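# Fold and contact review
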Amino acid sequence: MKTRTIFLTIMSCLFVGLAAGAQTSAQRETADLLPEGTFTNGIEGPATDKAGNLYAVNYGKEGTIGIVRPDGSHECFVTLPEGSTGNGIRFNKAGDMLVADYTGHNILKVDMQTKAISTYAHESRMNQPNDIALAPGGNLYASDPDWPNQKGQLWLITPDGKVTLLESDMGTTNGIDVSPDGKKLYVNESAQLKVWIYDIKPDGTLKNKRLFHTFEGFGMDGIRCDVKGNLYLCRYDKGTVAVINPKGKLIREIQLKGKKPSNITFGGPDNRRCYVTLQDRGCFETFTAEHPGRE
């Protein structure tokens, strides 16, 4: 998203002086996956299916979704309907791909066998559905930033396609994920540099919002949990992935080659391989986590 990119870059420029000291403690341990420019600078929404295939949006051009197979081969998997541009991707228990379509105000569903694309949910009140997360019962949560006004919303989409506004007066909602036990939801606000945690009620709505972690400088983007409840968070323009433990303490940062990590997912044979989308490089960087991802 161009507006998001410009905003986060401006934010990070205010804190460049912090980078030198902070990055000395980060460890560079990543490897490249695919040549630079395989995806556009809108690369986002990485997700892996049960067969180990890796997907991300904007393969070669906007409005597409690319596939990277375990053997390293890659190609365009699907082209979204005209007027649609993908962002976050998740797979439900049935194996369908769910895609946040931020230009169409939709959540799209892709049948992985036929590649047929349908509208899973539509909500015109959304600014632009951005990142999405699935709870064990099938409920989908969507962040919904309003970048120019540094505001955001949070939505619940139930398996029957019903859309419910959970919160409207937030900062620029962005990265989102559910805890391994399915009882908590994490949401970050990119402009405000805050990560929030909620308790998930049985009906999927939220309660007991509290501050989980606050950063200084740079932007924030996609997040994922591992099976131990550690949160992996992309530091946009800092070029790191921050790891936060379940108590909200920053325990380490992984240094990347690129500076604009937009999102992260787990995969590989043991689900410990992390794949990070880099918007300034148009490709992935990978590293191995201590624990498997929760999905």
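Since this is a predicted model, take the numbers as computed values, not measurements.

Conventions and cut-offs
- Residues numbered from 1 in each chain as written.
- Predicted model: local features only at pLDDT ≥ 70, side-chain atom pairs only at ≥ 80, totals over all residues.
- Heavy atoms only, no water.
- Buried < 20%, exposed > 50% of the residue type's maximum accessible area, 1.4 Å probe, protein only.
- Helix = DSSP H or I, 4+ residues; strand = E, 2+ residues; numbered from the N terminus.
- Pairing = 2+ DSSP bridges.
- Core = buried A, V, L, I, M, F, W, Y, C linked by side-chain atoms within 4.5 Å.
- Contact = heavy atoms within 4.5 Å.
- UniProt positions renumbered as here; feature names shortened; annotations may be inferred.
- Polar contact = N/O pair within 3.5 Å; in protein donor to acceptor, adjacent residues only side chain to side chain.
- Phe/Tyr/Trp six-rings, centres within 6.5 Å; stacked < 30°, edge-to-face > 60°.

## Notes on the pairing of strand E16 (residues 184–189)
The element E16 is extensively covered by neighbouring structure, given that five of its six residues are classed as buried. Two strands pair when backbone bridges link them, and strand E15 (residues 173–178) and E16 are joined in this way by four bridges, in the antiparallel orientation. The residue bridging Val178 from the neighbouring strand is Leu185, located in E16. As paired elements, E16 and strand E17 (residues 194–200) share six bridges and run antiparallel to each other. When the sheet's bridge partners are listed, Lys184 is paired in E17 with Asp199. Between E16 and E17, which pair antiparallel and follow one another directly, the connecting turn spans four residues, one of which, Leu193, has a positive phi of 60°.

## Here we look at the nonpolar core
Within the largest apolar cluster, 15 residues are counted, with the highest numbers of intra-cluster contacts made by Tyr55, Ile65, Ile89 and Met97. When near neighbours in sequence (up to four residues on either side) are disregarded, Ile65 contacts Tyr55, Ala56, Val57, Asn58, Tyr59, Cys76, Phe77, Val78, Leu80, Ile89, Met97 and Val99. With 14 residues, the next largest nonpolar core counts Ala133, Leu154, Val178 and Trp196 among its residues.

## Description of the UniProt feature "active site" (unreviewed entry) in the protein chain
When the UniProt feature table is mapped onto this chain numbering, "active site" (unreviewed entry) sits at Asp221. With respect to the helices and strands, Asp221 occurs in the loop between strand E18 (206–214) and strand E19 (223–225). Reaching out from Asp221, the side chain makes a polar contact with the side chain of Asn174 at a distance of 3.4 Å.

## Side note on the packing of aromatic side chains
Under the counting rule described, the total for this entry stands at six aromatic pairs. The interplanar angle of 55° and the centroid separation of 5.5 Å between the aromatic rings of Tyr55 and Phe91 together place this pair among those described as tilted. Taken together, the positions of Tyr55 in strand E4 (residues 54–59) and Phe91 in strand E7 (residues 86–91) put the pair 36 residues apart, joining distant regions of the chain. With a relative accessible area of 16%, Phe91 lands in the buried category. When the ring of Tyr232 is compared with that of Phe266, the centres are 5.3 Å apart and the planes differ by 80°; the resulting orientation is edge-to-face. Linking Tyr232 in strand E20 (residues 231–235) with Phe266 in strand E23 (residues 261–267), this pair joins segments that are 34 residues apart in sequence. What makes Tyr232 buried here is its relative accessible area of 3%.

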